[in-house]
Amino acid sequence: MIELTREEAEAVVGLHAAHVVIYAKTNGTVLSGSSTKNIEQARALVMATIRFDGKIGFPGGFIDPGETWLEGVNRELREELDVDTSNDHLITDDHYVFSFLDKASGFCLHLYACEVTEEKFVDIERGAHDAEHYGFETLGVCRIPLHTSDKGTGLPSFLQHYFIGYAKEELLRALKHTGILSEEEIELAVKIARESES
Ligand code: GTP
Ligand code: MN
Ligand code: MN
Ligand code: MN
Ligand code: MN
Ligand code: MN
């Protein structure tokens, strides 16, 4: 991954794609262990998708010729999640996080992080099944567990899934950028995930 400034990214000739980490604040709780006593604050609701290829990714996709990044990413959210972006774009420049070059594919990739209300988040989850590309390109929408336990459950286990491209790095970047988790919490989850893998 080669990080680019916004200006450098805008100058890249070739394929561009943009993906979004959609999240919401919540007071909700989540099970963090096998006992019903293991309950923790959910911290936030963060949305990932299960892709047609079996990998974990984020909603979004290629920017088509003639589209701006925002037109492209909002269209992809309509196709993949049935988010109504006909009048108002859900994703705006305010949600921009960063851009990078994926050396393996040569694509120029952009990440957005978009906070919505908990109600809107649930609305998007429910509506995803009606999306044009649901069942074809997108096989599911899920919430990412954010707690970290020394047994490796929660975020450390989730990090061991197979992610598309740099989606795992994007997740960590978004968690840090939004302040959903502290740097220490992220580092701990990554460390436990790495130890469990080997
Ligand atoms: P089509 O409509 O079938 O063209 O797919 P799409 O436009 O929805 O594209 P997709 O979401 O698959 O993203 C385009 C490319 O970006 C993929 O081929 C992957 O290499 C990469 N990619 C897909 N999802 C993610 C993601 O969440 N993060 C990152 N970094 N890359 C991704
Ligand atoms: Mn049960
Ligand atoms: Mn798509
Ligand atoms: Mn896509
Ligand atoms: Mn597409
Ligand atoms: Mn498509």
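As shown above, the structure is provided for reference.
All values derive from a computational prediction rather than experimental measurement. What you see as residue numbers is a count from 1 along each chain, following the sequence as written. Chains carry letters from A onward and ligands carry numbers from 1 onward, assigned in written order. Where local features are concerned, this predicted model is filtered to residues with pLDDT of at least 70; where side-chain atom pairs are given and counted, the filter is 80 or more; whole-chain, interface and lining totals use all residues. With hydrogens and water stripped out, all remaining heavy atoms of the structure feed into the side-chain values.

**Comments concerning the site of ligand 1**
We call a residue near a molecule or strand when any one of its heavy atoms sits within 4 Å of it. Contacts to ligand 1 come from 17 residues, most closely from His19, Phe58, Phe62, Glu80 and Glu170. Within the side chain of glutamate 170, a nitrogen or oxygen atom sits 2.6 Å from a nitrogen atom of ligand 1. Secondary structure counts use DSSP, requiring at least four H or I residues in a row for a helix and at least two E residues in a row for a strand, with both numbered from the N terminus. Of all elements in the fold, only β7 (60-62), α2 (69-81) and α5 (167-178) reach the threshold of two or more residues within the shell around ligand 1. Ranked by the residues each element gives to the shell around ligand 1, the list is headed by β7, at three residues. Classification used: nonpolar for Ala, Val, Leu, Ile, Met, Phe, Trp, Tyr, Cys and Pro, charged for Asp, Glu, Lys and Arg, polar for all others including Gly. Residue composition of the shell around ligand 1, grouped by class: eight nonpolar, four polar and five charged. Throughout this description, a polar contact denotes any pair of N or O atoms lying within 3.5 Å of each other; where both atoms belong to protein, one of them has to be capable of donating a hydrogen while the other can accept it, and for residues adjacent in sequence the pair is counted only when both atoms sit in side chains.

**Regarding the packing of α5 against helix α6 (residues 183-197)**
Geometry of a packed helix pair, given as the angle between the helix axes and the separation of the axes. In this analysis an axis means a line fitted to C-alpha atoms, helices contributing only their contacting stretch, and an angle means the value between N-to-C directions, from 0 to 180 degrees. Direction vectors running N to C along α5 and α6 enclose 155°, while the axes themselves pass 9 Å from each other. Considering the angle they form, α5 stands roughly antiparallel to α6. Remark: the crossing between α5 and α6 carries right-handed chirality. When α5 is examined against α6, the residues Lys168, Leu172, Leu175 and Lys176 are found in contact with a partner set consisting of Glu183, Ile186, Val190 and Glu197. Roughly parallel means an angle under 35 degrees; roughly antiparallel, over 145; roughly perpendicular, 65 to 115; everything else is oblique. Crossing handedness follows the turn of the near helix against the far one: under a right angle anticlockwise gives a left-handed crossing, and clockwise gives a right-handed one. Between two residues, a contact is recorded if the distance between any of their heavy atoms is within 4.5 Å.

**Remarks on the packing of aromatic side chains**
Only Phe, Tyr and Trp rings take part, Trp by its six-membered ring, and two of them pair if their centres are within 6.5 Å. Stacked means planes under 30 degrees apart, edge-to-face means over 60, and tilted covers everything else. Tallied over the entire structure, the rule returns six aromatic pairs. For the ring pair phenylalanine 158 and phenylalanine 163, a centre distance of 5.8 Å and an interplane angle of 80° mean the geometry is edge-to-face. Only protein chains enter the calculation, and the probe is 1.4 Å; a residue is then buried if its accessible area is under 20% of its type maximum, exposed if over 50%, and partly exposed in between. A relative accessible area of 7% means that phenylalanine 163 is categorised as buried. Ring-pair connections join several aromatic residues into one group, and the members of that group are Trp69, Tyr96 and Tyr112. We call a charge positioned over a ring when the NZ of a Lys or the CZ of an Arg lies within 6 Å of the ring centre and within 35 degrees of the ring normal. The lysine or arginine in question, arginine 6, covers the ring of tyrosine 96, its NZ or CZ lying 4.6 Å from the ring centre. A cation over a ring is seen here: arginine 173 above phenylalanine 98, with NZ or CZ 4.0 Å from the ring centre.

**Some words on the nonpolar core**
Of all hydrophobic cores here, the largest spans 31 residues; its most connected members are Val46, Ile144, Leu171 and Leu175. When residues in this core are grouped by element, the largest group, five residues, is from α5. Excluding residues within four positions of it along the chain, isoleucine 144 makes contact with Val46, Ala48, Phe58, Leu155, Phe158 and Leu171. With 25 residues, the next largest nonpolar core counts Ala18, Leu70, Tyr112 and Val116 among its residues. For this analysis, a nonpolar core means a set of buried residues of the types Ala, Val, Leu, Ile, Met, Phe, Trp, Tyr and Cys, connected via side-chain atoms within 4.5 Å.

**A few points about the coordination of the manganese ion (ligand 4)**
Within the protein, the atoms that donate to the manganese ion (ligand 4) are Gly60 (O) and Glu80 (OE), at distances of 2.1 Å. Note that water is not among the atoms used; donors are N, O and S atoms within 2.8 Å of the metal (3.2 Å for Na, K and Ca), so sites may look incomplete. A distance of 3.3 Å spans the gap from the manganese ion (ligand 4) to the manganese ion (ligand 3), which glutamate 80 bridges by coordinating each metal. Within this pair, whereas glycine 60 is found in strand β7, its partner glutamate 80 is found in helix α2, the two being separated by 20 residues in sequence. You'll find glycine 60 and glutamate 80 in the same group, each marked buried.

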